[in-house]
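# Examination of the molecular architecture
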Amino acid sequence: MGTLALHGGTPVRPTLLPYARQSVSEEDIAAVNAVLRSGWWTTGPKVAEFEQAFAAATQAKEAVAVSNGTAALHVALYGAGITAGDEVIVPPMTFAATANAAAFLGARPVFADCDPSTLLLSPAEAEKKITKKTKAIIAVDYAGQPCDYAALRAIAQKHNLILAADACHALGGFSEGKPVGSLADLSTFSFHPVKPLATGEGGMVTTNDARIAERMRRFRNHCMTTDHRERQEKGSWFYEVTDLGYNYRLTDIQCALGQSQLKRVPTWTKRRQAIARMYDQAFATMEGLAPLHVREQVEHAYHLYVVQLNLERLTANRNEIFQALRAENIGVNVHYIPVHLHPYYRKTFGTSEGLCPVAEQAFERIISLPIFAAMTDQDTDDVIEAVKKVLSHYAK
Ligand SMILES: *Cc1c(COP(=O)(O)O)cnc(C)c1O
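One numbering rule holds for all chains: residues counted from 1, following each sequence as written. At least 70 in pLDDT is required for a residue's local features to be given in this predicted model, at least 80 for side-chain atom pairs to be given and counted, and no such filter applies to totals for whole chains, interfaces and linings, which use all residues. With hydrogens and water set aside, each side-chain value is computed from the structure's full complement of heavy atoms.

For the rest of this paragraph, the subject is the overall build of the chain. Tallying secondary structure elements over the chain gives 14 helices and 13 strands in all. Against the 2.2 N^0.38 benchmark of 21 Å for 396 residues, the chain shows a C-alpha radius of gyration of 22 Å, consistent with a compact globule. When accessible area is computed with a 1.4 Å probe and restricted to protein chains, residues below 20% of their type maximum are described as buried, those above 50% as exposed, and intermediate ones as partly exposed. Looking at the chain as a whole, 56% of its 396 residues are labelled buried. Contacts in the chain between residues at least 24 apart in sequence constitute 72% of all its contacts with a sequence separation of at least 6. Helix and strand assignments follow DSSP, with helices taken as H or I runs no shorter than four residues and strands as E runs no shorter than two, numbered in order from the N terminus. Both definitions apply: the radius of gyration is a C-alpha atom measure, and the globule rule equals 2.2 Å times residues to the power 0.38. Contact definition: two residues touch when any of their heavy atoms are within 4.5 Å.

And the structure:
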């Protein structure tokens, strides 16, 4: 297939294909412009409109908009009453914010290992980590695949725990016929430009619990008893601060963009699923790699398309394959370094190698290939061609 670009050959593509990228329409731009021309830039009517549309789309009773996905996790755990000294069970194969959210509240993140075929939190491993101090489990819909919520809900009920879903990858996915956002007590979303819906920065928490939703709305606004709009409507200046809260508000400008984007989520999900099917087909007969297993009865949202390299069949390691694919102008990425191996976790919580062997071994082999709704069939073919070129070069 020719010399690798890494060794001076011609790259498969002339320009870099990123691993993810937002889509924007004229309708999105018009929605933002309308808010810019209106008087309300924040804490205005667009916040409730976006929240209601998002709740409807995810079949949740309540949706609370916040400034980013990290804030969504913090707000969700506060809403659930997590406090200093509590333990929160989290998987290691996630972005650090999942575990950080417990630490923000003085709670201890406790790592439970993943299932080796999906890299999703293993319900059995999670149950093993439950102690008297455990208050919540955060499951992460890694890559966009919903976790085994039936098993996780049963464990949470048995031990009287809150079940939260970090669904930052999974907007648009379904499990057992129900949309992501309705599968746990609390579900969190991110609207960063690489995620399935983008508002620049942004986040959301969904829940069916009106009392928790109320706590979360206060917490995102300094735990004040009224917000700016409520005071304006009542002609009142009075408010009190009832607890230590934050400014985690999402602006009306962003909410208008989010509401406009939300309409296209089903179409985008279908497109990413179609790209994933093209990858699945192309890679089915290749010995150097294997896509992650997809569970039955789920509709995977494919925020990421993660493959595991079969290192026994290759003469190169993951980092060398990564460099070779980048040289071909394929914007591959790695999700994630297991969270318990980050220096902050080692020094603060005493975590180290051996704590989650499944995630640690998977980490040596994983690579994320580009996948986003605006990718063309030609882009997809370029990725497949580059993967074939690189893996055949390094085949044992
Ligand atoms: C993106 C992401 C977050 C954090 O979201 P931000 O909007 O970047 O703060 C948290 N968890 C997971 C799994 C994510 O992918």
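Still more to cover.
With that settled, the discussion passes to the packing of aromatic side chains. Pairs were defined over the aromatic rings of Phe, Tyr and Trp, the Trp ring being its six-membered one, requiring ring centres within 6.5 Å. Orientation was assigned from the angle between planes: stacked under 30 degrees, edge-to-face over 60, tilted for the rest. Summed over all chains, the structure comprises 19 aromatic pairs. The interplanar angle of 45 degrees and the centroid separation of 6.4 Å between the aromatic rings of phenylalanine 95 and tyrosine 336 together place this pair among those described as tilted. Placement of phenylalanine 95 in the loop between β2 (87–90) and α4 (97–104) and of tyrosine 336 in the loop between α11 (318–327) and α12 (343–349) is noted, with a sequence separation of 241 residues between them. Through a chain of ring-to-ring contacts, three or more aromatic side chains come together here, namely Phe50, Phe54, Phe189 and Phe191. If you follow arginine 229 out to its NZ or CZ, it ends over the ring of tryptophan 40, 5.9 Å from the centre. Note on criteria: charge over ring means Lys NZ or Arg CZ within 6 Å of the ring centre, with the direction from the centre no more than 35 degrees off the ring normal.

Now for the pairing of strand β12 (residues 305–309). In terms of burial, β12 is largely enclosed, as five of its five residues are buried. Taking every second residue as pointing to the same face, both faces of β12 are buried, with Tyr305, Val307 and Leu309 on one and Val306 and Gln308 on the other. For strand β10 (residues 289–291) and β12, the ladder comprises three bridges, and the chain directions are antiparallel. Residue pairing across strands places leucine 289 opposite leucine 309, the latter belonging to β12. Strands pair, by our definition, only if DSSP identifies at least two bridges between them. Strand direction decides the pairing type here: β12 and strand β13 (residues 366–369), joined by four bridges, are antiparallel. The partner of valine 306 across the bridge, within β13, is serine 368.

A separate point is the site of the ligand. Consider each residue's heavy atoms; a residue with any of them within 4 Å of a molecule or strand counts as near. In the region of the ligand, 15 residues are neighbours, and Gly69, Thr70, Asp166, Ser190 and Lys195 sit closest. What qualifies as a polar contact is a pair of N or O atoms within 3.5 Å, subject to a donor-acceptor requirement within protein and to the restriction that residues adjacent in sequence count only when both atoms come from side chains. Threonine 70 is positioned such that a nitrogen or oxygen atom in its side chain is 2.6 Å from an oxygen atom of the ligand. Serine 190 places a side-chain nitrogen or oxygen 2.7 Å from an oxygen atom of the ligand. In short, Shrake-Rupley with a 1.4 Å probe defines the accessible areas, and a residue's cover is counted only from the protein chains shown. Computed on the free molecule, the ligand has an accessible area of 380 Å², of which 91% lies beneath the protein chains in the complex. Residue assignment for the shell around the ligand shows that the elements contributing at least two residues are α3 (69–79) and α4. With three residues, α3 is the largest single contributor of residues to the shell around the ligand.

Turning next to the domain arrangement of the chain. Source of the domain bounds: an automatic or database domain assignment. Here the chain is partitioned into domain 1 (5–21 + 265–393) and domain 2 (26–262). Here the C-alpha centre of domain 2 lies 27 Å away from the C-alpha centre of domain 1. Contact with domain 1, which involves 40 residues of that partner, is made by 44 residues of domain 2. In short, buried area is how much 1.4 Å probe accessible area vanishes from two parts on joining, totalled over both. Carbon and sulfur atoms make up 62% of the area that domain 1 and domain 2 hide from each other, which totals about 3,400 Å². When residues of domain 1 are sorted by the area they lose upon contact with domain 2, Arg295, His303 and Tyr336 head the list and together hold 19% of the total. Any Lys or Arg side-chain nitrogen located within 4 Å of an Asp or Glu carboxyl oxygen qualifies as a salt bridge. A salt bridge links aspartate 148 to arginine 295; its shortest N-O distance comes to 3.6 Å. Taken together, the links from domain 1 to domain 2 amount to 18 residue pairs in polar contact (both at pLDDT 80 or more). Of all elements in the fold, only α10 (265–283), β11 (298–299), β12, α12 and α13 (357–363) reach the threshold of two or more residues within the side of domain 1 that touches domain 2. The classification used treats Ala, Val, Leu, Ile, Met, Phe, Trp, Tyr, Cys and Pro as nonpolar, Asp, Glu, Lys and Arg as charged, and all other residues, Gly among them, as polar. A per-class count over the side of domain 1 that touches domain 2 returns 27 nonpolar, nine polar and four charged.

Attention shifts here to the sheet that holds strand β6 (residues 174–175). On the basis of which strands lie adjacent, the open sheet formed by three strands has the order β7-β6-β11 and antiparallel pairing. At either margin of the open sheet sits one strand with a lone partner, and together these are β7 (178–179) and β11.

Strand order in the open sheet formed by seven strands is β1-β9-β8-β5-β4-β2-β3, and the pairing between neighbours is mixed. Because the sheet does not close on itself, it has two edges, and the strands there are β1 (62–66) and β3 (108–111). Sheet twist, expressed as the mean angle between neighbouring strand axes with direction ignored, is 25 degrees. Sheet topology note: the strand β5 (residues 162–166)/strand β8 (residues 186–190) ladder contains three bridges and is parallel. Note that in β8 the partner of aspartate 166 across the bridge is threonine 188. Here an angle of 0 to 180 degrees is reported between the N-to-C directions of two axes, which are lines fitted to C-alpha atoms, with helices fitted over the stretch in contact. Those strands touched by α3 are β1, β4 (134–140), β5, β8 and β9 (203–207), and its axis lies near 165 degrees from that of β8.

The geometry of helix α2 (residues 45–58) relative to helix α9 (residues 252–262) is characterised by a closest axis approach of 8 Å and an angle of 30 degrees between their N-to-C directions. Overall, the two elements α2 and α9 adopt an arrangement that is roughly parallel. By crossing handedness, the relation of α2 to α9 is classed as left-handed. Taking contact as the criterion, the partners of Pro45, Lys46, Val47, Glu49, Phe50, Ala53, Phe54 and Ala57 in α2 are, on α9, Asp252, Cys255, Ala256, Gly258, Gln259 and Leu262. An angle below 35 degrees is read as roughly parallel, one above 145 as roughly antiparallel, one from 65 to 115 as roughly perpendicular, and any other as oblique. Two helices that cross are described as forming a left-handed crossing if the nearer one is turned anticlockwise from the farther one by less than a right angle, and a right-handed crossing if clockwise.

Here we take up helix α14 (residues 377–393). For α14, which comprises 17 residues, the first-to-last C-alpha distance of 24 Å matches the rise-based estimate of 24 Å (1.5 Å per residue) to within 8%. Those residues of α14 that sit buried are Asp379, Thr380, Asp382, Val383, Ile384, Ala386, Val387, Lys389, Val390 and Leu391. Buried residues along α14 sit in contact with α10, β10, β12, α11 and β13. Expected helix span is given by 1.5 Å per residue-to-residue step, counting one fewer step than there are residues.

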